[in-house]
Amino acid sequence: MRQNPSFAMTDVGEIRRLIDLNPWVTLVSHTDDGLVASHYAVMLDDSRDDLTIVGHVGKPDDAILGLGERELMVVVQGPHGYITPRWYGDVPAVPTWNFVSAHLSGIPELLSADENLRVLDRLVDRFEGRGEDARGLYALPNDAAFVERLERGTVGFRLTPTRVTAKRKLSQNRSPEVVETIIAGLEEGNPALAAEMQRAADARARA
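Since we're looking at a predicted model, the values are computed, not measured.

Section: the overall build of the protein
Phase 1 of the analysis: Along the protein, the regular secondary structure elements total six helices and eight strands.
Phase 2 of the analysis: Overall size of the protein, expressed as C-alpha extent along the three principal axes, is 65 × 50 × 30 Å.
Phase 3 of the analysis: Looking at the protein residue by residue over its 207 residues, the buried ones come to 43%.
Phase 4 of the analysis: Put simply, the protein shows about 11500 Å² of open surface, and 52% of that area lies on carbon and sulfur atoms.

Digging into the side chain of Ser38
Phase 1 of the analysis: Residue position: Ser38 is located in strand β2 (residues 34-44).
Phase 2 of the analysis: Every residue in contact with Ser38, bar those within four places of it in the chain, is listed here: Val25, Thr26, Leu27, Asp61 and Leu65.

What about the pattern of salt bridges?
Side chains that carry opposite charge are capable of pairing whenever their charged atoms lie near each other.
Phase 1 of the analysis: A full pass over the atoms with the stated rule returns eleven salt bridges.
Phase 2 of the analysis: Across the pair Glu14 and Arg199 runs a salt bridge, and its minimum N-O distance is 2.7 Å. Here Glu14, found in helix α1 (residues 12-21), pairs with Arg199, found in helix α6 (residues 191-206); they are 185 residues apart in sequence, far enough to count as distant.
Phase 3 of the analysis: You can call Arg199 partly exposed: its relative accessible area is 33%.
Phase 4 of the analysis: A salt bridge links Glu115 to Arg158; the nearest nitrogen and oxygen atoms lie 3.7 Å apart. Linking Glu115 in helix α3 (residues 113-128) with Arg158 in strand β7 (residues 154-159), this pair joins segments that are 43 residues apart in sequence.
Phase 5 of the analysis: Relative accessible area serves as the criterion here: at 33%, Glu115 is assigned to the partly exposed category.
Phase 6 of the analysis: Take Arg158: its relative accessible area is 16%, and that puts it in the buried class.
Phase 7 of the analysis: Connected through shared salt-bridge partners, Asp45, Glu109, Glu115 and Arg158 make up one network.

Overview of the nonpolar core
Phase 1 of the analysis: Core analysis: the largest hydrophobic core is formed by 38 residues, its most contacted members being Leu27 and Val74.
Phase 2 of the analysis: Once residues lying within four places of it in the same chain are set aside, the contact partners of Leu27 are Val36, Ala37, Ser38, Tyr40, Val57, Leu65, Leu72, Met73, Val74 and Phe157.

Here's the deal with the sheet that holds strand β5 (residues 96-106)
Phase 1 of the analysis: Reading across from one edge, β6-β7-β3-β2-β1-β4-β5-β8 is the order of the eight strands in this open sheet, with antiparallel pairing throughout. Across the chains shown, the open sheet's two edge strands, defined by having one partner strand only, are β6 (109-110) and β8 (163-169).
Phase 2 of the analysis: One ladder, built from ten bridges, connects strand β4 (residues 72-83) with β5; its direction is antiparallel. Note that in β5 the partner of Leu72 across the bridge is Gly106.
Phase 3 of the analysis: Sheet strands in contact with α1 are β2, β3 (53-58), β4, β5 and β8, and its direction is about 95° off that of β5.

Describing helix α5 (residues 176-186)
Residue pairs spaced three or four apart in an α-helix point in one direction, given the helix's 3.6 residues per turn.
Phase 1 of the analysis: Residues of α5 that are buried include every one of Val178, Val179, Ile182, Ile183 and Leu186, and no others. Angularly, the buried residues of α5 cover 140° about the axis, an arc narrow enough to put them on a single face. Residues of α5 that are exposed and point over 90 degrees away from its buried face: Glu177 and Glu180.
Phase 2 of the analysis: In this structure, the buried residues of α5 make contact with β4 and α6.

Concerning the pairing of β4
Regular strands show a simple pattern: their side chains alternate between the two faces of the sheet.
Phase 1 of the analysis: The sheet contact formed by strand β1 (residues 24-31) and β4 spans four bridges and is antiparallel. Looking across to β4, one finds that Leu27 is bridged to Val74.

Details of the pairing of β3
Phase 1 of the analysis: Counting buried residues in β3 gives six out of six residues, a clear majority hidden from the surface.
Phase 2 of the analysis: Neither face of β3 is open: one carries Ile53, Gly55 and Val57, the other Val54, His56 and Gly58, and all of them are buried.
Phase 3 of the analysis: Bridging between β2 and β3 involves three bridges; their strand directions are antiparallel. Bridged to Met43 within β3 is Val54.
Phase 4 of the analysis: The pairing of β3 with β7 spans six bridges and is antiparallel. Paired with His56 across the strands is Gly156, a residue of β7.

Calculation criteria
- Residues numbered from 1 in each chain as written.
- Predicted model: local features only at pLDDT ≥ 70, side-chain atom pairs only at ≥ 80, totals over all residues.
- Heavy atoms only, no water.
- Helix = DSSP H or I, 4+ residues; strand = E, 2+ residues; numbered from the N terminus.
- Buried < 20%, exposed > 50% of the residue type's maximum accessible area, 1.4 Å probe, protein only.
- Areas by Shrake-Rupley, 256 points an atom, 1.4 Å probe, with all protein chains shown as cover.
- Contact = heavy atoms within 4.5 Å.
- Salt bridge = Lys/Arg side-chain N within 4 Å of Asp/Glu carboxyl O.
- Core = buried A, V, L, I, M, F, W, Y, C linked by side-chain atoms within 4.5 Å.
- Pairing = 2+ DSSP bridges.
- Axes fitted to C-alpha atoms, helices over the stretch in contact; angles between N-to-C directions.
- Arc of directions from axis to C-beta.

Structure, rendered in structure tokens:
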């Protein structure tokens with residue numbers, strides 16, 4: 001991802017927020033047979049306050065990706081969408097695409113079976129929620145033996161990125177009035193991007 005200083009996102013807290021809100025990521029690795037990609041959910045490592053993430057892949061994706069042996073790029077995609085030049089007013093303009101995205105790269109470490117089980121348990125709890133009918137990893141009719149067999153079909157990993165490129169392109173190069181028009185135009189069809197743009201605009205106004 002080509003970086004542009006005007007759109008660079010360097011605040012660790014903001015990148016953590018992006019990861020937390022968009023856990024379904026793309027894992028990209030370069031192998032002897034070319035580029036390969038897989039898609040999995042990840043989480044921030046709850047024992048760290050940096051950009052370390054944890055996750056798992058199903059076998060044999062670990063071998064296909066060369067997990068733990070070569071650099072892995074994790075692509076995190078936040079809200080994004082088309083921006084029509086109609087929202088710029090009666091001026092020469094072309095369409096663009098607004099987005100928030102981050103690339104985290106490094107060689108991941110493989111987790112032990114116990115660590116992987118803990119991550120799997122956290123992952124299920126994260127998406128099941130805490131409602132009365134939430135079904136945790138160890139909830140009946142699952143038992144420990146079943147869960148351990150499940151774990152053996154996966155490989156857990158922890159990635160502390162050595163390279164991070166994060167970009168937030170949200171019409172920062174436009175006037176506040178134009179940004180307001182874009183947000184209003186997005187609110188019905190793309191509320192997630194509209195909300196992200198409003199949040200960024202509010203932060204700029206406070207700065």
